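# Descriptive structure summary
For reference, the chains in residue letters:
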Amino acid sequence: MTLTFTFDPVIDPALREGILTLWADATNAGGAVGFVPPVTVDDIRPALIGQLAAVADGGSRLLVGRDADGEVAATAFLTHNTHRLQRHWLWAYTVMVHPRHQGKGHGRALMAATERAARSVEGIEAIRLGCRGGHGLEHFYAACGYKEVGRVPDAIRVAPGDDRDDITMLLPLH
């Protein structure tokens, strides 16, 4: 089964709830997507409201992957830089694949769709993303063509005594 990706989908209540469920399920399965388990959709809702407000304002764009049943199975938010010297690259945030779809190549499909989406944005020459150390995510992103360009040791505190590196990855688009 493949995922079907839509860039700039219509954001309706069903999509919002699908993203909330995906985000909670990914976090509770151990995913490094901005929270530490256990979480509920109510814990995540304020963060999603903020990201969707940025989409509505034009500062971010949303990529959604749906499975064969039409359920939200993957997301990536592409966020424009506001600094005049950094408008030639985007940030990728909240990059996640639902746990039931992991291990099937959907993560690579999401990253390929993210690259295609970024290439469709005029003037964009690169994608940057951050990932949490301790999960091996930098190796996954490297396999997708990204290069590690920065690392801040122990910058992410997931629990007392459990600090992780904040890793910045870059994919040039030229």
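The coordinates are above.
Every value quoted in this text rests on a predicted model; they were computed, and no experiment measured them.

In this section: the nonpolar core. Core analysis: the largest hydrophobic core is formed by 27 residues, its most contacted members being Tyr141 and Tyr146. The set of elements that each furnish at least two residues to this core consists of β3 (72–80), β4 (89–97), α3 (106–119), β5 (126–132) and β7 (162–172). Take this core: its biggest share by element is five residues, from α3. Of all hydrophobic cores here, the second largest spans 19 residues; its members include Ile19, Val55, Leu62 and Val64.

This brings us to the pattern of salt bridges. Pairing between side chains of opposite charge can happen when their charged atoms approach one another. All told, the structure shown has ten salt bridges when counted by the stated rule. Residue Arg100 is joined to Asp67 by a salt bridge in which the shortest nitrogen-to-oxygen separation is 3.7 Å. In this pair, Arg100 sits in the loop between β4 and α3 while Asp67 sits in the loop between β2 (60–66) and β3, placing the two residues 33 residues apart along the sequence. Judged by relative accessible area, Asp67 falls into the buried class, the value being 7%. Across the salt bridge formed by Arg164 and Asp162, the nearest N and O atoms sit 2.7 Å from each other. For Asp162, a relative accessible area of 26% translates into the label partly exposed.

Moving on, we get to helix α2 (residues 41–57). Compared with the 24 Å implied by 1.5 Å per residue over 17 residues, the 23 Å span of α2 between its first and last C-alpha is a close match. At Ala47, α2 shows its largest kink, close to 25°. Along α2, the positions that sit buried rather than exposed are Ile44, Leu48, Gln51, Leu52 and Val55. Of the surrounding elements, those touching the buried residues of α2 are α1 (13–28), β2, β3 and β4. Positive backbone phi, approximately 90°, marks Gly58, located one or two places after α2.

Each value, and the rule that gives it
- Residues numbered from 1 in each chain as written.
- Predicted model: local features only at pLDDT ≥ 70, side-chain atom pairs only at ≥ 80, totals over all residues.
- Heavy atoms only, no water.
- Core = buried A, V, L, I, M, F, W, Y, C linked by side-chain atoms within 4.5 Å.
- Buried < 20%, exposed > 50% of the residue type's maximum accessible area, 1.4 Å probe, protein only.
- Helix = DSSP H or I, 4+ residues; strand = E, 2+ residues; numbered from the N terminus.
- Salt bridge = Lys/Arg side-chain N within 4 Å of Asp/Glu carboxyl O.
- Expected span 1.5 Å × (residues − 1).
- Bend = angle between axes of the 7 residues up to and from the residue.
- Contact = heavy atoms within 4.5 Å.

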